[in-house]
Every structure is written in structure tokens, then in C-alpha cells.
Amino acid sequence: MKILMIEDDPLLGESLKEYLEENGIYVELIQDDRSIQDIYNFDYYDVIVLDLILKYNKGENILKNLRLKNIDIPILILTAKSNIKDKEICFSLGADDYLTKPFDPKELLLRIKALSNRRHVENIIKINDVEINLIKETVFKNGKEVKLSKTAWDLLYLLLKNRGAIVSTEKILNYVWGDKPVGNEIVRAYIKELRKILPKDAIKTYKGRGYKLE
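Cut-offs and rules
- Residues numbered from 1 in each chain as written.
- Predicted model: local features only at pLDDT ≥ 70, side-chain atom pairs only at ≥ 80, totals over all residues.
- Heavy atoms only, no water.
- Pairing = 2+ DSSP bridges.
- Helix = DSSP H or I, 4+ residues; strand = E, 2+ residues; numbered from the N terminus.
- Buried < 20%, exposed > 50% of the residue type's maximum accessible area, 1.4 Å probe, protein only.
- Phe/Tyr/Trp six-rings, centres within 6.5 Å; stacked < 30°, edge-to-face > 60°.
- Lys NZ or Arg CZ within 6 Å of the ring centre and 35° of its normal.

**Topic: the pairing of strand E8 (residues 138–141)**
In step 1: Two strands pair when backbone bridges link them, and strand E7 (residues 130–133) and E8 are joined in this way by four bridges, in the antiparallel orientation. Bridging from a neighbouring strand, Ile132 pairs with Val139 of E8.
In step 2: Hairpin connection from E7 to E8: four residues lie between these consecutive antiparallel strands, with Glu137 at a positive phi of about 60°.
In step 3: Pairing between E8 and strand E9 (residues 144–146): three bridges, direction antiparallel. The partner of Phe140 across the bridge, within E9, is Glu145.
In step 4: What sits between the antiparallel neighbours E8 and E9 is a turn of two residues, in which Asn142 has the positive phi angle 55°.

**Things to note about unusual backbone geometry**
In step 1: At the junction of Lys101 and Pro102, the peptide bond is cis and its omega measures out at -5° in the coordinates.
In step 2: On the secondary structure map, Pro102 appears in the loop between strand E5 (97–100) and helix H4 (105–120).
In step 3: Even without being glycine, Asn70 reaches a positive phi, approximately 65°.
In step 4: Mapped onto the fold, Asn70 is located in the loop between helix H2 (59–68) and strand E4 (75–79).
In step 5: Overall, the relative accessible area of 67% leaves Asn70 in the exposed class.

**Quick word on the packing of aromatic side chains**
In step 1: Throughout the structure, instances matching the rule amount to three aromatic pairs.
In step 2: Here Phe91 and Tyr98 contribute two aromatic rings whose centre-to-centre distance is 6.3 Å and whose plane-to-plane angle is 40°, an arrangement assigned as tilted.
In step 3: By relative accessible area, Tyr98 is classed as buried at 7%.
In step 4: Ring geometry for Tyr157 and Tyr175: centres 6.4 Å apart, planes at 15°, overall stacked. Of this pair, Tyr157 sits in helix H5 (residues 150–161) while Tyr175 sits in helix H6 (residues 169–177), and the two are 18 residues apart along the sequence.
In step 5: Note on Tyr157: relative accessible area 7%, which makes it buried.
In step 6: Above the ring of Tyr175, the side-chain terminus of Lys2 is found at 4.2 Å from the ring centroid.
In step 7: Over the ring of Tyr56 we find Arg34; its NZ or CZ atom is 3.7 Å from the centre of that ring.

Remember, this is a structural readout, not a statement about activity or role.
Structure, rendered in C-alpha cells:
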């Protein structure tokens, strides 16, 4: 799982990043909220954690702009603002959850997982003789576990999250490899690896567009 955290308190931000990554969640931490303008593909993230009291922009304005851009990634507000009016404003702007400071990091972890799971509907997915557990990050075929590399798992996870829809090659590159300089051939190689595991024709190729998991 990958999350974007916008938090200008360096001590809190770094400590949360360390805690969440110890629990298997990759965190991209932004301390200068102006940097959010440089992000052109939010599909890379499963959840956004957003503080409201920032140095340059109001968190409420960032939330509003994200929703106006039709970015539908779950957004969790993490803030010292505990007034019910502040909560009402954020939920009306499209926030999915709201956690006030101080808080237990374990609660933040649980809320992030819950938000991410809402997008998946199911934690255990079966495709014929293949069973995929999104929580344990395991794959079983005919009852026997199949070992996947982290890269192959990230690609499978993305396809599952968008099951039934075409996932563009560009989106795959951004989500799985980020800023690494790789090309379409690496995507084809990992698609081929997944096809060896999944049932025949489970992954459809759309030439020039991307791939779809049936």
C-alpha cells in the first residue's frame, strides 16, 4: 500500500512515516504543501493523509481542489482542529475520514487500512483456482502458495484494484515503478509473469492502451 502524507511538522511526519513503513505501508511525505502541485498522477497512492494547518495553504483548500480535479482517492484528515464545524466542512468537501491530534499511531494505521479496503470491497479474491489475499499479500494456486516479487505483487494489486477496467501502461509505470526510468517492455515482462499464475485470458491486452483484469 502506498500513501501520500501532507504534514508540515517534520518530527511528527518522520515518526509517522517510520511507524507506517514498519507496518508495510510505503509513505511519501510532503512537508512543503506547495509541492503537491508537482504531483501529476495521484493514482500512485491508495490513501492521502492531509493536515489542515499547513505553512502555505489551508488543508481545506487542498482538499477542495483535489476533489474538483475528480481525484477520488480516499482522504483522511489529520489535524489538531477538533471543532465539529471543522469536521462538517471537511466532510462536505469530500473527506473520507477525520482524526484529531493527539492520537495513537495504531489508530491511524487501522483507519488507513480501512479506507484502502473500501476501494477493494473484498480482502480475499478468487479467480478460478487462484486465491489472492490482499491483507496478507499472498497468492495461492490450487492450494499451493505462489511466491511473487514485490514488483509483481504491486502490479497484480493495481490490476485487482481496477478489476474490470483498462489500466493504462502509463498508470502502471507510475504506480509500480514511480520515477524509475523504465519502459513498456518491463510492463510486458511482468504481465507475462502474472499470466503464468492467473487463469488463461484473465488479463486482456488492449494494444496502445493498457491491460484489464477480467
